[in-house]
Every structure is written in C-alpha cells, then in structure tokens.
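# Geometric and topological summary
Residues per chain, in single letters:
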Amino acid sequence: MPLLEVKDLQVEFRTHDASVRAVNGVNFTLEEGETLGIVGESGSGKSQSILAMMGLLASNGRARGQAMYRGENLIGMSHKAMNRIRGNRLSMIFQDPMSSLNPYLTIERQMTEVLELHKNVTRREAKKRAIAMLEAVRIPEAAHRISQYPHELSGGMRQRVMIAMALLCEPEVLFADEPTTALDVTVQAQILQLLRNLQHDFGTSIVLITHDLGVVAGLCEQVMVMYGGRVMEQCDASTLFSKPSHPYTIGLLRALPRLDHDGGELTGIPGNPPNMAHPPAGCPFHERCADATDDCATNAPALKAVDGVHWLRACHRPVDEMKTRYQETSHV
C-alpha cells in the first residue's frame, strides 16, 4: 500500500468575478523513500495541490477528492486532526524562507516550538535537538546561529533552517516547494545534495515542486508534468528525459540550455498559460501547441496509460509520432 495516494484532487478558488479551477483531477502515489517531482510553469497548479493536502489553502479555496495517508484522508480533515499530523509526520519546506520564518522570533524559538508541540520534550532537550539538526544541514557555528533572527542569516542559511525545521520530527513525507528558488547555483547544489543525504539518513519520502527540470533530473525517481491544473504526462524520470511524448513536456525540455550544444537560441514555448477563471474547452495547452488539431480545441484528452500503467499522458497525438519528432528536433 502506498504511503500517500492522491485520487481526483480538485482545487477551486471562489472570487468576486468567477470560480478559478486551479487543480483539476490530479492523481498520484508516493511510496516510502521515493522522490516525486512535480514540474510545470507558474500557475500550473503544483503548489496548490500540495497546500490542499496540507490544509493550507487560502480562505476562499476549496479542495475535493482524496489524499490518503496511512488510511486517513487529508482532504477535509479537521484542524485538530491536521495539526496532529502537520509538522510531525508531514512537513513542508516553503518557497520563500524570508517570508515563511517569523521575523520577530529567534531561530531557536521557531525550531523548539515544533518539538515541544509534537514530541512533548523540555525546552532544553528541544534546543539540543535543534542545534544537532542545524549541524546536520551544515550550518556553521550552529550553537551561535540558533540565537539569531532570520534577517541575520543569508538566503542559503535561511533555506537550510527551513529544511532543518521540516525534518526535526523526522517526517515520513516532506513537501519541498521550490526549495532552491533565488539561490545561486553553488548553494542550490548544496541544498540538493543535502536533501539526498537526509533522505538516505531518515528514509523520508519527498514531493519536490519545481519548474527546474535540471533539479528533477538530479533528485527524482518519478515525475509529474502539470499544465493548466491538469497532469499532462507522468512517468519515471529516465523515461521523461529520454523519450518524452507530450508536446508540453517536449517544449519544456527544448527550452533547457545544454552544455553539450554549441550556441544557438533557446527554443521557448510561445504564448501564455490559460486563464483558469475561463479555461479552454479542450486541452489546456492547445493554443500554444504546434501539433494541435481541431479535436484538441474541443475535447480534453484523458490521461491514459502508455506501455503499461506506469507511464501516463494526456494527448490526442500518437505516442510514437511525438517521440520521433522529439528525437529529430532535439539538441542531441
């Protein structure tokens, strides 16, 4: 039985003008010790899917469907029950550590509070564990840094503090929302290596939200590509990078800079993501897709299995046709 099983997850926001369907029918499973990458452009529904499972949607947001964790449905769970799980067995690294950390509290208080709440330990024992975790995420002079405020730390250190806080209670599932955003490439590499090491040490399952396919290639076993609130393609990482079959996935890969490619301009995806307050009738990607047909504009393709159940895609175009086209036009 999977550690986390999501079925038909839907997220909708009600505004004065319209109802915005941010997530529409997302399904995935997460096994113990596995890393799932969720990729896509801004507004594709990546973060809202995770916030719905953590019970952290905005007040005008509503979630439907199932997110089964250890036999309990996270969607619609009471605040009391969610607070028992959140931060303890399920943890999250937020996108912006500067806005996620409380500027009025020291790092010590923000970290020890988690342990006092979920592990029922004394303040002294909580501080001891917090310092040990800061050292585990390679923050120098952790015993000194723990007494500081967030603004006294660099961006990389704040991100490490967020990771340390998320791992204090040794969660079974860690949701990482753009954990390397706004970090330079050196610090980004250190953070990714840190996640690998911590996953190895603690056996934590990770759901990584990102728009950086390079990060996915280095960390994830499974990948889910989202666009317009829907899943476009879902498979293991090696399949995604070697033989992508959805036009949107192909567009993302073509836009990546390549060290083994001499010069030339990057191939971007023309157009803009759809307005989810007024979503298109057919495939959400059809207006930007060079391979779209008339059928794409009127009928949304279902997410169907390719070569068995572990490779899914939502596209009217034949799989072999798209794989061949990618091989013919790729940089390789």
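Residues numbered from 1 in each chain as written. Predicted model: local features only at pLDDT ≥ 70, side-chain atom pairs only at ≥ 80, totals over all residues. Heavy atoms only, no water.

Per an unreviewed UniProt entry, the protein goes by the name Oligopeptide/dipeptide ABC transporter ATPase and belongs to Caballeronia hypogeia. Quoted verbatim from the Subcellular location (unreviewed entry) field of UniProt, the annotation for the protein is "Cell inner membrane". Its UniProt record gives the protein the following Sequence similarities (unreviewed entry) comment, quoted word for word: "Belongs to the ABC transporter superfamily." (UniProt positions renumbered as here; feature names shortened; annotations may be inferred.)

The next subject is the pairing of strand E9 (residues 222-227). Burial of E9 is extensive: five of the six residues sit out of reach of the surface. One ladder, built from four bridges, connects strand E3 (residues 35-39) with E9; its direction is parallel. The residue bridging Gly 37 from the neighbouring strand is Val 223, located in E9. With six bridges joining them, E9 and strand E10 (residues 230-236) adopt antiparallel strand pairing. Bridge pairing in E10 places Tyr 227 opposite Arg 230. Counted along the chain from E9 to the antiparallel partner E10, the turn is two residues long, and its residue Gly 228 has a positive phi close to 60°. (Buried < 20%, exposed > 50% of the residue type's maximum accessible area, 1.4 Å probe, protein only. Helix = DSSP H or I, 4+ residues; strand = E, 2+ residues; numbered from the N terminus. Pairing = 2+ DSSP bridges.)

Let us look at empty space enclosed by the protein. Here the structure, examined in full by the defined rule, presents four cavities of 30 Å³ or more. Size it by volume and the largest cavity reaches roughly 80 Å³. Taken together, 14 residues form the lining of the largest cavity, with Pro 247, Cys 283, Cys 289, Cys 296 and Cys 315 sitting closest to its centre. Here the residues of the lining of the largest cavity are counted per class, giving nine nonpolar, three polar and two charged. Empty space within the second largest cavity amounts to approximately 40 Å³. What lines the second largest cavity is Glu 41, Ser 42, Gly 43, Ser 44, Tyr 227, Gly 228, Pro 273, Pro 274 and Met 276. (1 Å grid on protein atoms, 1.4 Å probe; cavity = no way out; pocket = protein on both sides within 12 Å on 5 of 7 lines; lining within 4 Å. Points joined across faces, edges and corners; volume = space filled by probe spheres on them. Nonpolar A, V, L, I, M, F, W, Y, C, P; charged D, E, K, R; others polar.)

This brings us to the sheet that holds strand E12 (residues 312-313). Here we have eight strands laid out as an open sheet, ordered E6-E7-E8-E3-E9-E10-E12-E11, and mixed in their pairing. Two strands lie at the open edges of the sheet, namely strand E6 (90-93) and strand E11 (304-305), each paired on one side alone. One ladder, built from four bridges, connects E6 with strand E7 (residues 173-177); its direction is parallel. From the neighbouring strand, Ile 93 faces E7, where its bridge partner is Ala 176. Across the sheet, helix H1 (residues 46-53) touches E3, E6, E7, strand E8 (205-210) and E9, and the angle it forms with E8 is around 140°. (Contact = heavy atoms within 4.5 Å. Axes fitted to C-alpha atoms, helices over the stretch in contact; angles between N-to-C directions.)

Scored by pLDDT, the protein has a mean of 88; 95% of the residues are at 70 or more. Across the protein, element-level confidence peaks in strand E4 (residues 61-69) with a mean pLDDT of 96 and bottoms out in helix H13 (residues 319-329) with 73. (pLDDT = per-residue confidence, 0-100.)

Moving on: the domain arrangement of the protein. Taken domain by domain, the protein comprises domain 1 (30-49 + 173-331) and domain 2 (90-168). The distance between the C-alpha centroids of domain 1 and domain 2 comes to 31 Å. Each partner contributes residues to the interface: domain 1 has 19 residues there, and domain 2 has 17 residues. Both faces combined, the contact of domain 1 with domain 2 buries some 1,500 Å², and carbon together with sulfur accounts for 68% of it. Interface area lost by domain 1 to domain 2 is led by Phe 175, Asp 177 and Leu 194, which between them contribute 30%. Connecting domain 1 to domain 2 are zero salt bridges. (Domains from an automatic or database assignment. Buried area = accessible area lost by both parts, 1.4 Å probe. Salt bridge = Lys/Arg side-chain N within 4 Å of Asp/Glu carboxyl O.)

Here the focus is the nonpolar core. With 64 residues, the main nonpolar core has Ile 93, Met 111, Leu 134, Val 161, Ile 163, Val 225 and Tyr 248 as its most contacted residues. When residues of this core are assigned to domains, at least three fall in each of domain 1 (30-49 + 173-331) and domain 2 (90-168). The residues contacting Leu 134, other than those within four sequence positions of it, are Met 111, Ile 139, Ala 142, Ile 146, Val 161 and Ala 164. In terms of nonpolar packing, the next biggest core, distinct from the first, is built from 35 residues, Leu 3, Ile 75, Phe 175 and Val 207 among them. (Core = buried A, V, L, I, M, F, W, Y, C linked by side-chain atoms within 4.5 Å.)

Pairing within the open sheet is antiparallel, and its four strands lie in the order E2-E1-E4-E5. Both outer strands of the open sheet, strand E2 (19-30) and strand E5 (72-73), are each paired with one neighbouring strand and no more. Judged from the two bridges that link them, E4 and E5 form a sheet pairing that is antiparallel. Bridged to Met 68 within E5 is Asn 73. On the sheet, H1 packs against strand E1 (4-14), E2 and E4 and is oriented at approximately 105° with respect to E1.

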